[in-house]
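Overview (structure and organization)
Listed below, chain by chain, are the residues.
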Amino acid sequence: MNKNYYITTPIYYPSAKPHMGHAYSSIIADFFARLKRIQGFNVYFLTGTDEHGQKIQRAAEEKKMDPLLFCDEISKTFRDLSRTLNLSNNDFIRTTEKRHSKSVKNLWNILEKKGEIYLSKYSGWYSVSDEAFYTESEIEDLDGVKMSISSGSKVEWVEEESYFFRLSNWQDKLIEFYNKNPDFILPETRKNEVISFVKSGLKDLSVSRKSFNWGIKVPSNKDHVIYVWLDALTNYLSALNYPNENDNLYKSFWPADLHLIGKDILRFHAIYWPAFLLAADIEPPKRVFGHGWILSGDEKMSKSKGNILDPLEIIENYGLDPLRYYLIKEVSFGNDGNISQEKLESCINSDLANNYGNLCQRVLAFCDKNANLKVPDINNLTEDDKIILDQYSKYYDDLVKYSDNQDLNSYINFIVEQLFSANKYFNDQEPWKKKNDKLRMNTIIYVALELIRKVTILLYPIIPSSSLKVLNIFGINEEKINFETIKENNYLKKGLKLNKLDILFKKIEKK
RNA sequence: GGCGGGGUAGCUCAGUUGGUUAGAGCGCGGGACUCAUAAGCCCGAGGUCAGUGGUUCGAUCCCACUUCCCGCUACCA
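Residues numbered from 1 in each chain as written. Chains lettered and ligands numbered in written order. Predicted model: local features only at pLDDT ≥ 70, side-chain atom pairs only at ≥ 80, totals over all residues. Heavy atoms only, no water.

**Describing the pattern of salt bridges**
Across all of its chains, the model carries 26 salt bridges by this definition. As a salt-bridge pair, Lys500 and Asp368 come within 3.3 Å of each other at their nearest N and O atoms. Note that Lys500 is positioned in the segment after helix H18 (464-472) and Asp368 in helix H13 (residues 341-371), a separation of 132 residues in sequence. Here Lys500 falls in the exposed class, since its relative accessible area comes to 62%. Residue Asp368 is classed as partly exposed on the basis of its relative accessible area, which comes to 31%. Taken together, the salt bridges that share partners define one network made up of Asp30, Arg34, Arg324 and Glu478. (Salt bridge = Lys/Arg side-chain N within 4 Å of Asp/Glu carboxyl O. Helix = DSSP H or I, 4+ residues; strand = E, 2+ residues; numbered from the N terminus. Buried < 20%, exposed > 50% of the residue type's maximum accessible area, 1.4 Å probe, protein only.)

Structure follows, in C-alpha cells:
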C-alpha cells in the first residue's frame, strides 16, 4: 500500500499582498496535510510563489527595482503568511529558483522534441494583467481604450512570433482521461464545466512570449520566455527534484495526490496541466479540487466596498485557530462562502469557548478536585459509557472516507456532534452527585477524559496548536498523535498525572 | 443563446435512491440543574422544502413549464 501523500496549494502570484483567499487555500491544504499525517501517511506538502510574467516585470519597473529583488520582498510576505497560518508545509518553492527553471526547461525540451511544441505567429488583443489573449468579440472600446469585457482590464494589440503547444491534439485524450478518472476534478459541478469546455473544442495554446523577458528562456531560442502557466504549473514537479526521476522525492510523491486550488484557476490545472504532462509522458496528478471563493457579505471583497477581512488583522484580533476553525466549519467546501466578523465571533463563543473549551475545562477541573488530576482507576463501563465511546470506532471508516473525498463538512459535523454528546454525557451522568460512589465517579471522569482525547485528535488538523495544548495534558505530543487511537477506549493509563490546562479560547465580549 | 449548479426555518447550511409529525448549528422563548469560561442539559416557537401543472396510492425529492440567483461558454454588435 502506498502510504505517501503529496498535496499542494496554488503557488501565489506576488503582485499584491496576501488576502483571505490565499489564507483559505493554505489553511485547507494544511488541514488535509495534517489529517493525512496523523493517519500514518508520509505527507509532502508544498506551497510557494509564482514570480514570473509581465505583470511582475512592470510592477518592479514602476518601483525601479530589479524584478528578482522585488520578488524577494513580496515572496517573503507569503512565506511569513505560511508561518502565521502555522502551515506544516515541507517546502516553499519559488519559480525564480534554479531547481525550478531546470525542471521547466527539461519539460519544455521534451515537449519540443516530441513535436508537441512548434513555432508560429500570434496576433491578437493581449491583457497584461490577465495574461491572456482575447478575441475581437471579447473586448470593448471605452473612450478609445480597448478593454476586456470579462475582466475589465486594458488590452493591447500584440503581434509576435510564438511557440504553440498542440493542445488541439489532446482533446480526445483528455476526455478519455477524465472518463477513466472520474474523480480527477472535484467538485462535480466544476468537472462538468471543464468537460464541456474541452468538448467544445481546444485550440493550440501559445506557450511563449517575446514581448518581455522576465521569465524562463526557451532553451532553443533566447528571444522567447516560456508562458507563465507552463512555467508555474511545473513547480509541482520541480519541488520533487524533477527531472531527476530517480530522486527519492520524485519516486515517492509523483503523481501528486491533490492539487488544491481556487476555482478561478481550474482550467489551467484541469486542462492544460494534464495535457502538458500526458504529452511529455508524465503521469498526471490524481486529483484537482477547485474550492470556492471567500466572500464578505455576499460580495467579493474589495477595497472600495470596505469589506475586506484581512487575515493578518483577524489573526491579530482573534487568534489563528479560531480563524482556521471558522473557515473550515462555516464555509461549505467547494462553494463560495460568506464570512463576517459577527459570524466569526459567534462561532468562537459557541463552538470553541462554550462547547469545546468549556468541556475540557469542566472535566479537568472536576478531575482535579475529585481525582487529584490523575487518570483514575475505573469500574466496569456501563452501556451509556460504551455507546458514547464507541461512536469513534463506529464511524471510523466514514471519517477516513471523508478524508479521502475531501468531505470537509461531514468530517467537522461529526466532531461537533461528538462535542455536544460529550457535554450531554457529563451532564446526564452527574458525577458531582456520586460522592458516595467513588468508583462510578471515577469511571465517568475516565470516560470524559477519553472523549476529550478522541475528539481532540480529530480537531488537531483544524486547530493544531490548541489541540496540542489539550493533548499535552495527557502527555501526547505532536509526533505521537495517531488517528487510529480514536478507536481505543482504554488508551489512558490509570495513575497518569495530568497537566493543567489554561483557558483555551476566551469568549468575545458582545458589544 | 447553449451547458451546468442552485432557490429548504430570522441567519448559515444539511437532507430526502418518492412514503407516517422535513433536519442541524446560530439566534429567540421557557424549564430543571450546578462540575465548568453565567458554560452545559432539557423543552418549545418558527418552514405551503421558489411558483404552476403533470406522473404516482403518495412528491420537498421524478417530469414539464415559469421565475430568480450563480458558474462556465458562445454569438451578434
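Next comes the rest of the account.
**A closer look at helix H15 (residues 396-404)**
Buried within H15 are the following residues: Tyr396, Leu399, Tyr402 and Ser403. All buried residues of H15 project into a common sector of 120° when viewed along the axis, lining one side. For H15, the secondary structure elements touched by its buried residues are helix H1 (20-38), helix H14 (383-394), helix H16 (408-429) and helix H17 (438-459). Positive backbone phi, approximately 55°, marks Gln406, located one or two places after H15. (Arc of directions from axis to C-beta. Contact = heavy atoms within 4.5 Å.)

**Considerations on the side chain of His291**
Examined against the element boundaries, His291 turns out to sit in strand E15 (residues 288-291). Assessed through its relative accessible area of 3%, His291 is described here as buried. Reaching out from His291, the side chain makes a polar contact with the side chain of Ser25 at a distance of 2.7 Å. Apart from the residues within four sequence positions on either side, His291 is in contact with Tyr24, Ser25, Leu260, Ile261, Gly262, Lys263, Phe333 and Gly334. (Polar contact = N/O pair within 3.5 Å; in protein donor to acceptor, adjacent residues only side chain to side chain.)

**Topic: the packing of H14 against H17**
In the contact formed by H14 and H17, the axes pass within 10 Å of each other and the chain directions differ by 15°. Classified by the angle between their axes, H14 and H17 sit roughly parallel to one another. For the pair H14 and H17, the crossing hand works out as left-handed. Of the residues in H17, those touching H14 at Asp385, Ile388, Leu389 and Tyr392 are Arg440, Thr443, Val447, Glu450, Leu451, Lys454, Val455 and Leu458. Broken down by class, the residue content of the contact of H14 with H17 amounts to 7 nonpolar, 1 polar and 4 charged. (Axes fitted to C-alpha atoms, helices over the stretch in contact; angles between N-to-C directions. Parallel < 35°, antiparallel > 145°, perpendicular 65-115°, else oblique. Left-handed = near helix turned anticlockwise from the far one by under 90°. Nonpolar A, V, L, I, M, F, W, Y, C, P; charged D, E, K, R; others polar.)

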